Amino acid sequence: MTTQEDIMNTIDSTTAVGTTATPDATTESRRPARILGIVITVVVAAFLVFDVAGKLTRPQAVVDSMASLGFPIGQATVMGIVLAVCLIVFLVPRTAVLGALGLTAYLGGAVTANMRIESPLFSSTLFAVYLGVLLWVGLVLRRPELLAVVGLRRRN
């Protein structure tokens, strides 16, 4: 027969779903990487939110850059909406990979647009590549199981 003290000790040592409340060593070792992944994601997302706002509000700098890239100014709204949708999908944890793929495609278009007008390679053209790499690094740090999908880590 169990005593009330045994029951209380069991309740204290488990969570509502029946798993232990104390994190194991694997979870503790991943915590700094996960926090770094979240920080990187927030920085990338903040930059992209700024980009969405610029495309939707169309300040003079956006109008000038759209003209220099050869895009009609009306396309800024379309680009802003596409970027906002991809960003929202990326920020939802369940759909983050799909959002990352959409953002990667969007950033690939930015590289192409800059290559077309022969922008400086490292400062302008490849900036979207740098951002895309940071985006994926942040996602992988938050969800290390993605490394197994691309064959960089064995599945357990």
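What you see is a predicted model, and the numbers here were worked out from it, not measured in a lab.

Novice: Can you explain the pattern of salt bridges? Please cite residues and give values.
Specialist: For the structure shown, the criterion picks out two salt bridges. Lys55 is the salt-bridge partner of Asp51, the closest N and O atoms lying 2.9 Å from each other. Residue Asp51 and its partner Lys55 are located together in helix 2 (residues 25–57), separated by four residues, close to a single helical turn. The class of Lys55 is buried, set by a relative accessible area of 13%. The partner of Arg143 in a salt bridge is Glu145, and the shortest N-O contact between them spans 3.4 Å.

Novice: I'd love a proper account of the nonpolar core, names of residues and values included.
Specialist: One recurring pattern in soluble globular proteins: nonpolar side chains tend to sit buried together. Membership of the largest hydrophobic core comes to 25 residues, with the highest contact counts inside it found for Leu48, Phe90 and Leu103. Breaking this core down by element, the ones donating at least two residues are helix 2, helix 3 (60–69), helix 4 (75–91), helix 5 (96–116) and helix 7 (127–142). It is helix 4 that provides the largest number of residues to this core, a total of seven residues. Ignoring sequence-local partners within four residues, the contact set of Leu48 consists of Leu83, Leu87, Leu103 and Leu131.

How each quantity is defined
Residues numbered from 1 in each chain as written. Predicted model: local features only at pLDDT ≥ 70, side-chain atom pairs only at ≥ 80, totals over all residues. Heavy atoms only, no water. Salt bridge = Lys/Arg side-chain N within 4 Å of Asp/Glu carboxyl O. Helix = DSSP H or I, 4+ residues; strand = E, 2+ residues; numbered from the N terminus. Buried < 20%, exposed > 50% of the residue type's maximum accessible area, 1.4 Å probe, protein only. Core = buried A, V, L, I, M, F, W, Y, C linked by side-chain atoms within 4.5 Å. Contact = heavy atoms within 4.5 Å.

Function cannot be read off these values alone, since they describe shape.
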